[in-house]
Number of protein chains: 2
Amino acid sequence: MSRRDEVLEAALELLDEVGLDALTTRRLAERLGVRPSALYRHFASKRLLLDAMVEHIAARGAAPAAPHGDWTAQIHSAAGNMREAMLAYRDGARLMATFVEPGPAAQASWNWFTGVARSAGASRELAELAVDTLTSYVQGFTIEEQARKSGVPRARRDKEFRAGLDLIITGIKASFS
Amino acid sequence: MSRRDEVLEAALELLDEVGLDALTTRRLAERLGVRPSALYRHFASKRLLLDAMVEHIAARGAAPAAPHGDWTAQIHSAAGNMREAMLAYRDGARLMATFVEPGPAAQASWNWFTGVARSAGASRELAELAVDTLTSYVQGFTIEEQARKSGVPRARRDKEFRAGLDLIITGIKASFS
DNA sequence: ACCTGAACACCGTTCAAGT
DNA sequence: ACCTGAACACCGTTCAAGT
């Protein structure tokens, strides 16, 4: 594990402990037992560090290589993975909302998603629409969830998430042909 | 117009010009021709100023008092209003994602939304599910849009937004028992 | 009621220098 | 390769004091 990876790992731990607003380069340096200026050997700017964190979460949330079940089950597990990856760190969803260029993991996820929709019988247009709509939903739901539903039990949030997902899947199904 | 409102208005203008990350109390003070410490007479903290900005945008995006058309048309115009209000300021959607407690405008919007769904024949459960799903979608779509679709022409983004909305509305319709 | 002046404890970042 | 030390231009916020 490179020093760069150690910095990245520490940053993710710190994010989970203190949240996005309190994630500062100075605190991160302190946690690593190092001066703030030392970080700039590994990441040229805080923005690039945040991008690496985004990529890490996106990769963690990417769809499985060997999926099973029908396409609706695959959508459920892929969307569930995305949400899970963002929930794994405090403010994870809000962090994901700050990136500008989608990284390799985000693009791979998008491709996998559209592939599932296409093989289920959707046209290229419908597949892309479906994926974009699902992505917006998952992103929006999880941001809302992390910001304002800390009081709601996890099981209830899971149920709400799946219900909304089913609503959209129903819409996709009804749009075939 | 109270001085407080003038400060709020200046903050919204500044947000639109420089974006959320560069919206600092010091820059805001400069724009008002005043020292930073003077702001604290009107807002006890930057967080409370941001909350007031959120409430302003939420109110601007609230549904019209006299709606017309069938329920799908009403959903379209209400969701469109929400998106429009967030698009009115740079990073508007990301700002909306930072609030913790929903203000009066957000709650009124939510109530109006569920009322439309209920009067269309949805059960209380389905109505609430529909509103939460639509809200997550609009939020997620608009964040994505402001962060990463500045190159895509407005007309195309509008079309994408409406298509996703229709997909969800189709799902809601199909869920009417 | 509204603002200034001065201060405090922070930020991200650069750069020469050390090992 | 990795880090320190010192510095720079910033932050949000408090508080006594002015008008």
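Computed from a prediction, not measured in an experiment: that's the story for all the values here.

Parameters at a glance
- Residues numbered from 1 in each chain as written.
- Chains lettered and ligands numbered in written order.
- Predicted model: local features only at pLDDT ≥ 70, side-chain atom pairs only at ≥ 80, totals over all residues.
- Heavy atoms only, no water.
- Contact = heavy atoms within 4.5 Å.
- Buried area = accessible area lost by both parts, 1.4 Å probe.
- Salt bridge = Lys/Arg side-chain N within 4 Å of Asp/Glu carboxyl O.
- Polar contact = N/O pair within 3.5 Å; in protein donor to acceptor, adjacent residues only side chain to side chain.
- Helix = DSSP H or I, 4+ residues; strand = E, 2+ residues; numbered from the N terminus.
- Nonpolar A, V, L, I, M, F, W, Y, C, P; charged D, E, K, R; others polar.
- Buried < 20%, exposed > 50% of the residue type's maximum accessible area, 1.4 Å probe, protein only.
- Expected span 1.5 Å × (residues − 1).
- Domains from an automatic or database assignment.
- Near = heavy atom within 4 Å.
- Least-squares fit on C-alpha atoms with pLDDT ≥ 70 in both.

Peer 1: I would appreciate a short explanation of the interface of chain A and chain B in the present structure.
Peer 2: It is common to give the size of an interface as the accessible area that goes away when the parts come together. Contacts between the two partners involve 31 residues from chain A, matched on the other side by 31 residues from chain B. Roughly 2,300 Å² of surface becomes buried between chain A and chain B when both sides are summed, with 69% attributable to carbon and sulfur atoms. Three residues stand out in chain A for area buried against chain B, namely Ser136, Arg148 and Leu167 of chain A, and they jointly supply 27% of the buried area on that side. Our enumeration of links across chain A and chain B arrives at 0 salt bridges. Counting the contacts that link chain A with chain B gives 2 residue pairs in polar contact (both at pLDDT 80 or more). For the side of chain A that touches chain B, the secondary-structure elements that each account for two or more residues are helix H5 (92-96), helix H7 (124-148) and helix H8 (154-175) of chain A. Here the side of chain A that touches chain B gets 14 residues from one element, more than from any other, and that element is H7 of chain A. For the side of chain A that touches chain B, the residue count by class is 17 nonpolar, 10 polar and 4 charged.

Peer 1: I tried to follow the environment of His76 of chain B on my own but got confused; where do I start?
Peer 2: All names here are of chain B. By the secondary structure assignment, His76 is in helix H4 (residues 71-87). For His76, a relative accessible area of 21% puts it in the partly exposed group. Aside from chain neighbours lying at most four places away, what touches His76 is Arg162, Leu165, Asp166 and Ile169. Within the structure, His76 has its side chain in polar contact with the side chain of Asp166 (distance 2.7 Å).

Peer 1: How should I be thinking about helix H3 (residues 46-60) of chain B in this particular structure?
Peer 2: Structural remark: α-helix, 3.6 residues per turn; residues separated by three or four positions point the same way. Residue and element names in this part refer to chain B. Its 15 residues give H3 an end-to-end C-alpha distance of 21 Å, which sits within 8% of 21 Å, the value for a rise of 1.5 Å per residue. Considered for burial, the residues of H3 that qualify are Leu49, Leu50, Ala52, Met53, Val54, Ile57 and Ala58. Looking at the packing, one finds that the buried side of H3 touches helix H1 (3-18), helix H2 (25-31), H4, helix H5 (92-96) and helix H6 (104-119).

Peer 1: Could you clarify how one ought to interpret the environment of Ser175 of chain B in this entry?
Peer 2: Counting through the fold element by element, Ser175 of chain B comes out in helix H8 (residues 154-175). Along the chain, Ser175 of chain B and Ala122 of chain B lie 53 residues apart, while their C-alpha atoms are 8.5 Å from each other. The residues touching Ser175 of chain B, leaving out its near neighbours within four places in the chain, are Leu167 of chain A together with Leu126 of chain B. Of the polar contacts made by the side chain of Ser175 of chain B, one reaches the backbone oxygen of Gly171 of chain B; its length is 2.7 Å.

Peer 1: Would you mind showing me how to read the side chain of Arg148 of chain A here?
Peer 2: Positionally, Arg148 of chain A belongs in helix H7. A polar side-chain atom of Arg148 of chain A sits 2.4 Å from the main-chain carbonyl oxygen of Phe99 of chain B. Those residues in contact with Arg148 of chain A, other than ones at most four positions away along the chain, are Met96, Ala97, Phe99, Val100, Pro102 and Gln139 of chain B.

Peer 1: Which parts of the structure should I look at to understand the domain arrangement of chain A?
Peer 2: All names here are of chain A. Considered domain by domain, chain A is made up of domain 1 (3-44) and domain 2 (55-176). Here the C-alpha centroids of domain 1 and domain 2 sit 28 Å apart. Residue-level contacts link 8 residues of domain 1 with 8 residues of domain 2. When the two sides are added together, the surface that domain 1 and domain 2 hide from each other amounts to roughly 780 Å², 61% of it contributed by carbon and sulfur. Put simply, domain 1 and domain 2 have 1 salt bridge between them. Ionic pairing is found between Asp21 and Arg94, a salt bridge with its closest N-O pair at 2.7 Å. At the junction of domain 1 and domain 2, the tally comes to 5 residue pairs in polar contact (both at pLDDT 80 or more). Broken down by class, the residue content of the side of domain 1 that touches domain 2 amounts to 4 nonpolar, 1 polar and 3 charged.

Peer 1: Sorry, what's going on with the protein's contact with DNA strand C here?
Peer 2: Around DNA strand C, the structure places 17 residues, and the nearest of them are Thr25 and Arg26 of chain A together with Arg3, Arg35 and Ser37 of chain B. Note that a phosphate oxygen of DNA strand C is positioned 2.8 Å from one of the side-chain N or O atoms of Tyr40 of chain A. Between Lys46 of chain A and DNA strand C, the recorded distance is 2.8 Å, taken from a backbone N or O atom to a phosphate oxygen. Looking at the surface near DNA strand C element by element, the count peaks at 3 residues for helix H2 (residues 25-32) of chain A. Residue composition of the surface near DNA strand C, grouped by class: 5 nonpolar, 6 polar and 6 charged.

Peer 1: How should the relation of the copies chain A and chain B be read in this particular structure?
Peer 2: Think of it as a corkscrew move, a rotation about one axis and a shift along it, taking one chain copy to the other. Mapping chain A onto chain B leaves a residual RMSD of 0.1 Å; the transformation is a rotation of 180° accompanied by 0.0 Å of translation along its axis. Both copies are brought into coincidence by an operation consistent with a two-fold rotation axis. When the interface residues of chain A are mapped onto chain B, 100% of them are again interface residues, pointing to one common binding face.

Peer 1: Can you walk me through the protein's contact with DNA strand D in this structure?
Peer 2: Taken together, the neighbourhood of DNA strand D is formed by 17 residues, with Arg3, Arg35 and Ser37 of chain A together with Thr25 and Arg26 of chain B sitting nearest. Here DNA strand D approaches the protein such that, of its atoms within 4 Å, sugar and phosphate make up 50%. Between DNA strand D and Thr24 of chain B, the relevant distance is 3.4 Å, taken from a phosphate oxygen to a side-chain nitrogen or oxygen of the residue. Counting residues per element, the surface near DNA strand D draws most heavily on H2 of chain B, which supplies 3 residues. Tallied by class, residues from the surface near DNA strand D come to 5 nonpolar, 6 polar and 6 charged.

Peer 1: Help me understand the side chain of Arg157 of chain B in this model?
Peer 2: In this structure, Arg157 of chain B sits in helix H8. A distance of 3.0 Å separates a polar atom in the side chain of Arg157 of chain B from a polar atom in the side chain of Glu145 of chain B.

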